[in-house]
Amino acid sequence: MSVELNQIIPNIKMRLPSLTRTEQSIAENFLQPHFLQKSTSIKEVAERLGVSTALIVKVSKKLGFSGFKQLKDALNAHHAQSHTRRASSFSRMILANRS
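Cut-offs applied
Residues numbered from 1 in each chain as written. Predicted model: local features only at pLDDT ≥ 70, side-chain atom pairs only at ≥ 80, totals over all residues. Heavy atoms only, no water. Helix = DSSP H or I, 4+ residues; strand = E, 2+ residues; numbered from the N terminus. Buried < 20%, exposed > 50% of the residue type's maximum accessible area, 1.4 Å probe, protein only. Areas by Shrake-Rupley, 256 points an atom, 1.4 Å probe, with all protein chains shown as cover. Axes fitted to C-alpha atoms, helices over the stretch in contact; angles between N-to-C directions. Parallel < 35°, antiparallel > 145°, perpendicular 65-115°, else oblique. Contact = heavy atoms within 4.5 Å. Nonpolar A, V, L, I, M, F, W, Y, C, P; charged D, E, K, R; others polar. Phe/Tyr/Trp six-rings, centres within 6.5 Å; stacked < 30°, edge-to-face > 60°. Lys NZ or Arg CZ within 6 Å of the ring centre and 35° of its normal. Polar contact = N/O pair within 3.5 Å; in protein donor to acceptor, adjacent residues only side chain to side chain.

A count of helical and extended segments in the protein chain gives five helices and zero strands. When the helices and strands of the protein chain are listed from N to C terminus, the series reads α-α-α-α-α. Taken across its 99 residues, the protein chain has 32% of its residues classed as buried. Surface accessibility of the protein chain: about 6300 Å² in total, with carbon and sulfur atoms responsible for 54%.

So, in structure tokens, the structure goes:
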């Protein structure tokens, strides 16, 4: 998937209606900011959600990624970028209030 980081979440949400209820539930968990850490394995995710690793890969592909790793990496990059932007905005706000 070749999408700007700020478009990852909207692109995933756009695909939700085409998924089954179970697939939607998996995808919605993926969207939670701390659900997929860099070290989270596909086996951990499958066990946490009570599904097979094959279904995790299938949902990742239905969401437009080549597989689970690409999805996880993209979401982690998105969340890191979002965190950096929020921290930068907060810093600017504090500096503005000191003036």
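Structure's up, so let's keep going.
Once that is clear, we can look at the packing of helix α3 (residues 42-49) against helix α4 (residues 53-62). Interaxial distance between α3 and α4 falls to 8 Å at its minimum, and their mutual angle equals 100°. On the basis of the axis angle, α3 is roughly perpendicular to α4. In contact with Ile42, Lys43, Val45, Ala46 and Leu49 of α3, α4 contributes Thr53, Ile56 and Val57. Classifying every residue of the contact of α3 with α4 gives six nonpolar, one polar and one charged.

With that settled, the discussion passes to the environment of Ile42. Following the sequence through the fold, Ile42 ends up in helix α3. Relative accessible area serves as the criterion here: at 25%, Ile42 is assigned to the partly exposed category. Counting along the chain gives 26 residues from Ile42 to Phe68, while the straight-line C-alpha distance between them is 7.1 Å.

A word on the packing of aromatic side chains. Tallied over the full model, the rule gives one aromatic pair. When the ring of Phe30 is compared with that of Phe68, the centres are 6.4 Å apart and the planes differ by 50°; the resulting orientation is tilted. Placement of the pair is Phe30 in helix α2 (residues 21-30) and Phe68 in helix α5 (residues 68-98), with a sequence separation of 38 residues. The same class applies to Phe30 and to Phe68, which are both buried. Directly above the aromatic system of Phe35 lies the positively charged group of Arg48, at a separation of 4.6 Å from the ring centroid.

Along the chain, Thr40 falls in the loop between α2 and α3. A polar contact is formed between the side chain of Thr40 and the backbone nitrogen of Gln37, at a distance of 2.9 Å. Setting aside residues no more than four positions away along its own chain, Thr40 makes contact with Phe35, Val45, Arg48, Phe68 and Lys72.

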